[in-house]
Protein chains: 2
Amino acid sequence: MAMASNKTLFAERLAQAAELVEVRLSALLAGPSLDDTPRRLKEAMAHAVLGGGKRFRPFLVIEGAHIFGIDPANSVSAAAAVELLHCYSLVHDDLPAMDNDALRRGRPSVWKAFDEATAILAGDALLTLAFETLADPATHPNPEVRAQFVLGLARVSGASGMVGGQQLDLEAETAARADLHTAAGVQAIQDMKTGALIRFSACAGAILASATAAEVQALATYGSAIGAAFQIADDLLDAGGDATQIGKRAGKDAQAGKATWISILGIDGARARLAQLERDAATAVSVFGARSDVLAQAATFVAQRQK
Amino acid sequence: MAMASNKTLFAERLAQAAELVEVRLSALLAGPSLDDTPRRLKEAMAHAVLGGGKRFRPFLVIEGAHIFGIDPANSVSAAAAVELLHCYSLVHDDLPAMDNDALRRGRPSVWKAFDEATAILAGDALLTLAFETLADPATHPNPEVRAQFVLGLARVSGASGMVGGQQLDLEAETAARADLHTAAGVQAIQDMKTGALIRFSACAGAILASATAAEVQALATYGSAIGAAFQIADDLLDAGGDATQIGKRAGKDAQAGKATWISILGIDGARARLAQLERDAATAVSVFGARSDVLAQAATFVAQRQK
């Protein structure tokens, strides 16, 4: 019964965070800083950002901040900035020159719904809006925290983070980069491409709260574990999924000849690794006691999700 | 003789700024934050950034800061960040889905020298690196200044600034947006696409110096004037230029059916407007007395440049 009620608490908090973030994202996209934005560009940005996604990264920001007593109303702008950054990366990844995905979250991707130029520009604009939002005094009263947040987010999302990971992921499709088809190669790609931003999201609340280095580190360890778990769960879903379930073409990685956790560890090995990461995540945040129950449940959600 | 020596001073300061910025850009691209960057991505970023360009925007940042007694060594990082942002915009603008330019500064553009995916990612990485650089405590000791700089740069370069201007510029090629082929339309596109970043560059030194609002405004007025002058001079060059002189296909705007200052004002009208903007720029910075001589000379350079 305790387990069931905890699960309900997590689902409730995730839904609350998603709703808060959706409202904040809508406000940002209708806000004064976009008053002079060309209509078509604004529509493309809204298409990319609104009405979809679990908002898992913003949830981590809000829940991480909540550990330190920060009200969700005071972390939602930073959470929305992280989501803007995540959405920009999806818009650019979907482009024909990149992953060439016509579908995203069961809808036409931005380049398909608009055109390639508009999609490139919408991504650029969302990335820029993420940093604008973080630097805005309305997001946090302390400029030191704002600058630190910009610096941290830029590091995990730039050339040695998310963007670099996407570059490696594309190179992994070529025969010349067979070195990337190893466990170490797959790990490096995934750490950079998706892991770093999830880890940052988990730490973000601690940054907002000006928490101690040890507290930031505990959440970073948690974030690393769930980031890795997220990707293994993705690979497991991809191996058995269909387009209806996961909103994109199934088995695409296998078709592209990319190594995945399944091809490296096998199904059973991947499941065992996933269970270990779930335990690692829970252990990392156990220092926060009952305040981190929801984050521990989130790790279970990541490890056991069906879509 | 006084005129000649002033011109020499401007040329000297522009060359000094360019050299300082080149060194700083090289250091940023070889710095620890790019240690984990995939080699090909790093090469594409360097191709986009190093070894070309007048570095006019960084010159404005450095010279604007110099008015307030800031040593170039202490403004060059912010200046480099502005240049990174400018370079990202060129990389994305050149893409086949956008302006489809195979040449940039007389060399293959990034997508041509590498590939489209790498060019998209290199642009994303440069944009992100610009904000990372600005948020870095090494750039300025005061976090309030760093956050304000991020906010200001994001506003002029995002959906209602540079990115929005590029969107309008592309839409102006279509028959549906004949409204953009008017003086007001051309003005709006150019203000957003190039004017806003030049204006910001001119104000940037005042931000670094925590100058008064009136001082920031004087430099903003100056920046608006030279930004507009820059574009009219470009149109005049484009109307009479060839690929050797300006490093890109001449008369391209005319081919694309876009309105330009020449098509709206005629050659003589455009020249008269240019001369007026040159005077406006000099007047705006005259409040700084002799300290702004170099900036006044820069306005003359913009209005009279031959390439």
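Each chain carries its own residue numbering, running from 1 in the direction its sequence is written. All chains are assigned letters beginning at A, and all ligands numbers beginning at 1, according to the order in which they are written. Only residues with pLDDT of at least 70 are given local features in this predicted model, and only at 80 or more are side-chain atom pairs given and counted; all residues enter the totals for whole chains, interfaces and linings.

Help me understand the overall build of chain A in this model?
Under the DSSP-based scheme used, a helix requires at least four consecutive residues in state H or I and a strand at least two consecutive residues in state E, with every element numbered from the N terminus. The number of helices and strands found in chain A is 14 helices and two strands. In this description the radius of gyration comes from C-alpha coordinates, and the expected globular size is given by 2.2 Å times residues to the power 0.38. A globule of 307 residues ought to have a C-alpha radius of gyration of about 19 Å, and chain A, at 19 Å, matches this closely. For chain A, the C-alpha atoms occupy an extent of roughly 50 × 50 × 35 Å along the three principal directions. Placing a C-beta atom from the backbone of each residue, one calls two residues in contact when those atoms lie within 7 Å. Partitioning the contacts of chain A with sequence separation of at least 6, the portion at a separation of at least 24 is 72%.

Can you help me understand the relation of the copies chain A and chain B in this one?
Each of the two copies of the chain can be brought onto the other by a rotation about an axis and a shift along it. A least-squares fit on C-alpha atoms brings the copies together, and the residues used are those whose pLDDT is at least 70 in both copies. Once chain A is rotated about the relating axis by 180 degrees and shifted along it by 0.0 Å, it coincides with chain B to within an RMSD of 0.0 Å. Classification of the inter-copy transformation places it as that of a two-fold axis. When the interface residues of chain A are mapped onto chain B, 100% of them are again interface residues, pointing to one common binding face.

So what exactly am I meant to see when it comes to the interface of chain A and chain B here?
Often, the extent of an interface is quoted as the loss of accessible area on bringing the components together. On the side of chain B, 47 residues touch chain A, which itself brings 47 residues to the contact. Secondary-structure elements contributing two or more residues to the side of chain A that touches chain B are helix H2 (39–49), helix H6 (116–135), helix H7 (143–157) and helix H8 (162–171) of chain A. Per-element accounting of the side of chain A that touches chain B gives the leading share, 13 residues, to H6 of chain A. Each residue is assigned to one class: nonpolar for Ala, Val, Leu, Ile, Met, Phe, Trp, Tyr, Cys and Pro, charged for Asp, Glu, Lys and Arg, and polar for all the others, Gly among them. Taken together, the residues of the side of chain A that touches chain B break down into 24 nonpolar, eleven polar and twelve charged.

I keep staring at the environment of Trp111 of chain A and nothing clicks. Help me out?
Residue and element names in this part refer to chain A. By secondary structure assignment, the location of Trp111 is in helix H5 (residues 110–113). Separated by 19 residues in sequence, Trp111 and His92 have C-alpha atoms that sit 8.8 Å apart. Beyond its immediate chain neighbours, meaning those up to four positions away, Trp111 contacts Asp94, Leu95, Pro96, Glu116 and Ala119.

Mind showing me how you'd approach the environment of Leu28 of chain A here?
Residues and elements named next belong to chain A. With respect to the secondary-structure elements, Leu28 resides in helix H1 (residues 2–29). Overall, the presence of 23 C-beta atoms within 10 Å leaves Leu28 in the buried class. Remark: the alpha-carbon pair of Leu28 and Phe56, spanning 28 residues in sequence, is separated by 19 Å. In this view, Leu28 contacts Ala80, Leu129 and Thr133; residues no more than four positions away in its chain are not counted. Partly exposed residues are those whose C-beta has more than 12 but fewer than 20 other C-beta atoms within 10 Å; 20 or more makes a residue buried and 12 or fewer makes it exposed, with C-beta atoms placed from the backbone.

Could you clarify how one ought to interpret H2 of chain A in this entry?
Spacing of three or four residues puts side chains on the same side of an α-helix, whose turn is 3.6 residues. Among the residues making up H2 of chain A, those that are buried are Leu41, Lys42, Ala44, Met45, His47, Ala48 and Val49 of chain A. Once H2 of chain A finishes, Gly51 of chain A follows within two positions and takes phi at roughly 75 degrees, a positive value.

Please explain the packing of H7 of chain A against helix H9 (residues 183–208) of chain A as it appears in this structure.
Helix packing geometry: the angle between the two helix axes and the distance between the axes. Residues and elements named next belong to chain A. For helices, the axis comes from a line fit to the C-alpha atoms of the stretch in contact; other axes are also lines fit to C-alpha atoms, and the angle between any two N-to-C directions lies between 0 and 180 degrees. Taken N-terminus to C-terminus, the directions of H7 and H9 make an angle of 170 degrees; their axes are 10 Å apart at the nearest point. What the angle tells us is that H7 and H9 run roughly antiparallel. For the pair H7 and H9, contact is made by Val145, Gln148, Phe149, Gly152, Leu153, Val156 and Ser157 and by Ala196, Leu197, Phe200, Ile207 and Leu208, respectively. A class-by-class count of the residues in the contact of H7 with H9 yields nine nonpolar, three polar and no charged. Throughout this description, any angle smaller than 35 degrees is read as roughly parallel, any larger than 145 degrees as roughly antiparallel, any in the 65 to 115 degree range as roughly perpendicular, and the remainder as oblique.

Any chance you could explain unusual backbone geometry here in plain terms?
Negative phi is the rule for most residues except glycine; trans is the rule for most peptide bonds. Notably, Ser210 of chain A is not glycine yet its phi reads approximately 45 degrees, a positive angle. For Ser210 of chain A, the location among the structural elements is in the loop between H9 and helix H10 (213–240). A positive phi angle, near 50 degrees, is found at Arg105 of chain B, a position not held by glycine. The residue Arg105 of chain B is located in the loop between strand S1 (103–104) and strand S2 (107–108) in this model.

Before we go on, may I ask you to explain the confidence of the model for chain A in this structure?
As a general rule, the predicted coordinates of low-pLDDT regions are not to be interpreted in detail. All names here are of chain A. As a per-residue quantity, pLDDT reports the predictor's confidence and falls between 0 and 100. Across chain A, the average pLDDT comes to 91, with 92% of residues at or above 70. Low pLDDT, under 50, characterises residues 242–250; the predicted model gives this stretch 17 contacts beyond four residues in sequence or across chains. Scored by ipTM, the complex comes to 0.93, with pTM at 0.93.

When you look at the environment of Gly195 of chain A in this model, what are you seeing that I'm missing?
All names here are of chain A. Turning to its location among the elements, Gly195 is positioned in helix H9. Judged by C-beta crowding, with 26 C-beta atoms within 10 Å, Gly195 ranks as buried. Setting aside its immediate chain neighbours within four residues, Gly195 contacts Gln190, Ser224, Gly227 and Ala228.

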